[in-house]
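In case you want the letters, here they are:
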Amino acid sequence: MEKLIAASFALAALVAAAAPIPENVPELMTTFSGEKVTTRGQWEKVRAPELLAEFTEEEYGRRPVERPASLSFERAEPDAVMMDSKAVRKRIRVTYAGPYGGGKFTFTAFIPRQEKPAPAFLLICNRPPDENIDPTRRRKSEFWPAEEIVSRGYAAISFWNGDIAPDWNTGNRQGVFACFEEPGRRKSHALWGTLSAWAWGASRVMDWIETEPLLDARHVAVVGHSRGGKTALVAAVYDRRFAMACSNDSGCSGAKLNHIDLPKSEHLSAIVRSFPYWFCANYIAHVNAELEWRVDQHEFIALIAPRLVCIASATEDMWAGQEGEYWSGALASPAWELYGLKGLVSDGFPPPERPLQDGCISYHLRVGKHNLTLYDWNRYMDFADRHGWRD
Ligand code: GTR
């Protein structure tokens, strides 16, 4: 009897320790009308467009503008050679105007001084710019290790999300919203939220990258942490010029799958309570109903296929739901298989600091807290190296 009790305790402990497994996840390769998707043609003509429409209408929102006709670039400061002569710094001012007003923002690019056009990492910075993306480099931060990025042969580019739209509920009265939407009440519950606006900013920087001969516009990764990590996915889904998205600790409404039981992680009820304006207003209808919704976040990631995706978690970041971030990468993988590629190559949730980088989706679990660190950046650059970005 005692043995039996001991054995059942051991079993209970094992079950408690076992990693949670997703359940009843919406099937990526079955259309809303129930057809199986087995070819790239079906994916591109039917399944990807219907998923994109669903995420646009129900989560991130519709943009009233893509590239404005009035968009222009100018030097905000003369170019400067910096970083022990290893980089040229460009400070570019972007200006645009819409029917209801004009906007502008300035971003920084450190480009390695080398013969060939440089591949680049574009950070959507969601932290105080003075401390994190200082163009003078008097203040340095692991959040944007520009010197290390340049020394590995990549250009380091960044802008501050708050320059596109403030990170609070403005209705449509500030930032890019105020330029392209009539002031006052918003016209539709499907209009863009702030994540989409920030991602729009990344695309405007991409517009400039395409004009800059020192840069290799075919190899540009968009990177973000947390709310910025959600934004990096949005940027890559809506703008296919980004060859890679790096979604660092992005959690709920980013890389985290909803269909997995992670009680300590953020759910729609919490995110919509604190940050309703990140999304379109229709998203509210899915609060506490995400398990009945016909899509989940792995299907958003799948829309990036066949391009590259990096997903990262941190061991102490339960709020982001590490296993949920891993699983959405794993379950997005069939989209890459339609192109004869591999998505996330893995035989299960990996131990800390054992990056999975054999396919077109990279996943790593860093030791530590919710943050974007040099360790994370180095894994993203390893992955780009591995895919020949510096060849
Ligand atoms: C939290 C939010 C998360 C994450 C994070 C961040 O408060 O609940 O979804 O985005 O902020 O951006 O740091």
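Each chain has its residues counted from 1, following the order in which its sequence is written. Thresholds applied to this predicted model are a pLDDT of at least 70 for local features of residues and 80 or more for the giving and counting of side-chain atom pairs; totals over whole chains, interfaces and linings are not thresholded and use all residues. Hydrogens and water are ignored here; the side-chain numbers use all heavy atoms of the structure.

## Some thoughts on the sheet that holds strand β1 (residues 72-82)
- One open sheet holds the nine strands; their spatial order is β1-β2-β3-β5-β4-β6-β7-β8-β9, and the pairing between them is mixed. Strands at the two margins of the open sheet, each flanked by one partner only, are β1 and β9 (361-366). Within this sheet the neighbouring strands show an average axis-to-axis angle of 20°, counted without direction.
- Contact between two residues is taken to exist if any of their heavy atoms lie within 4.5 Å; hydrogens are not considered. Angles here are taken between N-to-C directions and fall from 0 to 180 degrees, while the axes themselves are lines fitted to C-alpha atoms, restricted in helices to the stretch in contact. Helix numbering and strand numbering both begin at the N terminus, where a helix is a DSSP run of H or I of at least 4 residues and a strand a DSSP run of E of at least 2. Where helix α6 (residues 194-209) meets the sheet, its contacts fall on β1, β2 (87-98), β3 (101-112), β4 (118-125), β5 (155-160) and β6 (215-225), and the angle it forms with β6 comes to roughly 160°. Pairing between strands is defined by DSSP: at least two bridges between the two strands are required.

## Remarks on the site of the ligand
- To be near a molecule or strand, a residue needs just one of its heavy atoms within 4 Å of it. The immediate surroundings of the ligand are formed by S226, R227, K230, E266, I271, F275, W278, W319 and H370.
- A 3.5 Å cut-off defines polar contacts: any pair of N or O atoms within that distance qualifies, except that in protein one atom must be a possible hydrogen donor and the other a possible acceptor, and neighbouring residues in sequence count only when both atoms are side-chain atoms. Separating an oxygen atom of the ligand from a side-chain N or O atom of K230 is a distance of 2.8 Å.
- Burial of the ligand by the protein amounts to 79% of the accessible area it has alone, namely 320 Å².
- Looking at the shell around the ligand, its residues break down into four nonpolar, two polar and three charged. Each accessible area is a Shrake-Rupley estimate made with a 1.4 Å probe; only the visible protein chains count as cover when residues are assessed. Any residue that is not Ala, Val, Leu, Ile, Met, Phe, Trp, Tyr, Cys, Pro, Asp, Glu, Lys or Arg is counted as polar, Gly included; the first ten are nonpolar and the last four charged.

## Digging into helix α10 (residues 322-332)
- In this scheme, a residue with accessible area under 20% of its type's maximum is buried, one over 50% is exposed, and one in between is partly exposed, where area comes from a 1.4 Å probe on protein chains only. Among the eleven residues that make up α10, eight are buried, leaving the element largely enclosed by the rest of the structure.
- Looking at the buried residues of α10, the elements they touch are α9 (297-302), β8 (308-314), α11 (334-337) and β9.

## Things to note about the layout of surface pockets
- As defined here, a cavity is a set of points on a 1 Å grid over the protein atoms alone where a 1.4 Å probe fits but cannot get out. A pocket is an open set with protein on both sides within 12 Å along at least five of seven lines, and residues line them when an atom is within 4 Å of a point. Grid points are joined across faces, edges and corners, and a volume is the space filled by probe spheres set on the points. In this structure, the largest pocket occupies an estimated 320 Å³ of space.
- The wall of the largest pocket is formed by 19 residues, among which R186, H189, F279, C280 and A281 lie closest to the centre.
- Classifying every residue of the lining of the largest pocket gives nine nonpolar, seven polar and three charged.
- In this structure, the second largest pocket occupies an estimated 250 Å³ of space.
- Lining the second largest pocket are 13 residues, with N258, H259, I260, D261 and L291 positioned closest to its centre.
- Grouping the amino acids of the lining of the second largest pocket by side-chain chemistry returns five nonpolar, four polar and four charged.

## Here's the deal with the packing of helix α2 (residues 40-60) against helix α7 (residues 227-238)
- Between α2 and α7, the shortest axis-to-axis distance is 12 Å and the interhelical angle comes to 140°. By the angle between their axes, α2 is oblique relative to α7. Note that α2 runs across α7; the crossing there is left-handed. From α2, L52, F55, T56 and Y60 reach across to α7, where they touch V234, V237 and Y238. When describing relative orientation, an angle under 35 degrees is termed roughly parallel and one over 145 degrees roughly antiparallel, while 65 to 115 degrees is termed roughly perpendicular and anything else oblique. Note: crossing handedness is left-handed where the near helix turns anticlockwise from the far helix by less than a right angle, and right-handed where it turns clockwise.

## Points about α6
- Take the residue count of a helix, subtract one, and multiply by 1.5 Å to get its expected span. The terminal C-alpha atoms of α6, which comprises 16 residues, lie 23 Å apart, in line with the 22 Å expected from a rise of 1.5 Å per residue.
- Within α6, 16 of the 16 residues are buried, leaving the element largely enclosed by the surrounding structure.

## What to know about the confidence of the model for the protein
- pLDDT is a per-residue confidence score from the predictor, ranging from 0 to 100. Chain-level statistics for the protein give a pLDDT mean of 96 and a share of 95% at 70 or above.
- Here residues 11-16 is modelled with pLDDT under 50, and outside its nearest four sequence neighbours on either side it reaches zero contacts, counting other chains as well.

## A look at the packing of aromatic side chains
- The criterion for an aromatic pair is that two Phe, Tyr or Trp rings (for Trp, the six-membered ring) have centres within 6.5 Å, with stacked assigned to planes under 30 degrees apart, edge-to-face to planes over 60 apart and tilted to the rest. One pass over the full model with this rule turns up 27 aromatic pairs.
- Centre to centre, the rings of F55 and W293 are 6.4 Å apart; their planes meet at 65°, and the pair counts as edge-to-face. On the criterion of sequence distance, the pair formed by F55 in helix α2 and W293 in the loop between α8 (268-274) and α9 is long-range, its members being 238 residues apart. Note on accessibility: F55 and W293 belong to one class, buried.
- A centroid spacing of 6.1 Å and a plane angle of 50° characterise the contact between F349 and Y363, whose relative ring orientation is tilted. Taken together, the residues F349 in the loop between α11 and β9 and Y363 in strand β9 connect sequence positions 14 residues apart.
- Overall, Y363 belongs to the buried group, its relative accessible area being 1%.
- Joined through ring pairs, the aromatic side chains of F55, Y60, Y238, F275, Y277, W278, F279, Y283, W293 and F300 make up one cluster.
- Only when the NZ of Lys or the CZ of Arg is both within 6 Å of the ring centre and within 35 degrees of the ring normal is a charge said to sit over the ring. Here R294 stacks its cationic end above the ring of F32, 3.8 Å away from the centre of that ring.
- Of note, R379 hangs over the ring of Y375, and the distance from its end group to the ring centre comes to 4.5 Å.

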